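Structural overview for review
Letter by letter, the chains look like this.
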Amino acid sequence: MFSPFEPFRWALAHGRSLELGPRGILMAIVNVTPDSFSDGGRFDSADKAVAQAILCLEEGAEIVDIGGESTRPGAAAVSAAEEQDRILPVIEALSGTTDALISVDTYRAETARLAVAAGAHIVNDVHGLQREPDIAVVAAETGAGLCIMHTGRDREKRPDVVEDQYLFLGRSLEIARAAGIAREAMVLDPGFGFAKDTEENLELMARFGELYGFELPILAGTSRKRFIGAVTGREAEGRDAGTAATTALLRAAGAAVFRVHDVAINRDALAMADAMLAAGRKVTAREARA
């Protein structure tokens, strides 16, 4: 039976790997875009994006997730060439000057292939392999780690939030397995936000443990999302404390990786959650010896 706190060796490109389970892992968001919902334009050049990525690593991130197209509702689409022009210089610079684990936030197969060739280790697809299924072939051929995200956009959802997770991600996993991707390469993301209203997001948090039927580690991407604003009354730039609360709660529920904008506050939230979990393990061990 899968336990989210037991070690899981996530297999990544270029011979790298990362242990998930015993402690929470931070993935820092670096958007090389002019229009992302909370930080658009702040890191819209390669130099700015590289500097931000290095700062995030210094603050405690173990992965930097580089994206070149905004996923906020209503954002303008960009061409594959524009996306690649934005992100490839950043990935090349980071892979050439740091030992960072690099994720590419894209649904395009060719962008993923070029990004891994430039040094990326992980492919993070917000369309769950279902917009360009060939991205699964790229991941299999390159040995990249894969984040497979659930989305409710552009389709009819099931009324039950967890049932819809199993419907959508079940299809994604069929695509992944058909491409020959090993279980050890995959992490799932339930896609907080992404055509889910406040109540759906909160219910998904409350029922998080039901997702372990997939028997895979789970990445949580709640950072600065609209549902946090609905609960706290804050605009996007003021939602980091609310994000940190969700990080601590979801870590206690077993989430393995946390995709965040503000690394420092979420590092502290994870430290507290992991300390509590460690104390709980000691209590369990003591009771077992009694």
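Since the model is a prediction, treat every value here as computed from it, not as a measurement. (Residues numbered from 1 in each chain as written. Predicted model: local features only at pLDDT ≥ 70, side-chain atom pairs only at ≥ 80, totals over all residues. Heavy atoms only, no water.)

1. Here's the deal with the overall build of the protein chain
Put simply, the rule is: In this description a helix means any DSSP run of H or I spanning at least four residues, a strand means any run of E spanning at least two, and both kinds are numbered starting from the N terminus. For each residue, the accessible area found with a 1.4 Å probe, counting protein chains only, is set against the maximum for its type, and the residue is called buried under 20%, exposed over 50%, and partly exposed in between. Any two residues whose heavy atoms approach within 4.5 Å at even a single point are treated as in contact.
A count of helices and strands for the protein chain gives 9 helices and 10 strands. Along the first, second and third principal axes, the C-alpha atoms of the protein chain reach 60 × 40 × 40 Å. The 290 residues of the protein chain split such that 53% are buried. Looking at the protein chain alone, contacts between residues at least 24 apart form 68% of all its contacts between residues at least 6 apart.

2. Focus on the pairing of strand β7 (residues 145-149)
On a regular strand, one side chain projects to one face of the sheet and the next to the other, so that they alternate. The condition that has to hold: Two strands pair if DSSP finds at least two bridges between them.
Buried residues dominate β7, accounting for 5 of its 5 residues. Across the two faces of β7 the burial is the same, with G145, C147 and M149 and L146 and I148 all buried. Pairing of strand β6 (residues 122-125) with β7, which is carried by 4 bridges, proceeds in the parallel orientation. Residue I122 lies in a different strand from β7, and its bridge partner there is G145. Inspection of the sheet shows β7 paired to strand β8 (residues 186-189) by 4 bridges, in the parallel sense. Note that in β8 the partner of I148 across the bridge is L188.

3. With respect to the nonpolar core
Note the threshold: To form a nonpolar core, buried Ala, Val, Leu, Ile, Met, Phe, Trp, Tyr and Cys residues must be joined to one another through side-chain atoms within 4.5 Å.
Counting 79 residues, the largest nonpolar core has W10, L20, I63, I66, I91 and I148 as its most contacted members. Discounting residues that sit within four places of it in the chain, I66 has contacts with V30, V32, I87, V90, I91, L94, I102, S103, V104 and D105.

4. Digging into empty space enclosed by the protein
Test applied: Using a 1 Å grid laid over the protein atoms alone, points where a 1.4 Å probe fits but cannot get out form a cavity; open sets with protein on both sides within 12 Å along at least 5 of 7 lines form a pocket; any residue with an atom within 4 Å of a point counts as lining. Grid points are joined across faces, edges and corners, and a volume is the space filled by probe spheres set on the points.
This model, assessed by the stated rule, comprises 1 cavity of 30 Å³ or more. Estimated volume of the largest cavity: approximately 60 Å³. Looking at the largest cavity, the residues that line it are H150, K157, R158, V161, D164, Q165, K196, E200 and L204. Of all elements in the fold, only α5 (161-178) and α6 (198-206) reach the threshold of two or more residues within the lining of the largest cavity.

Scope: geometric values only; no functional claims are made or implied.
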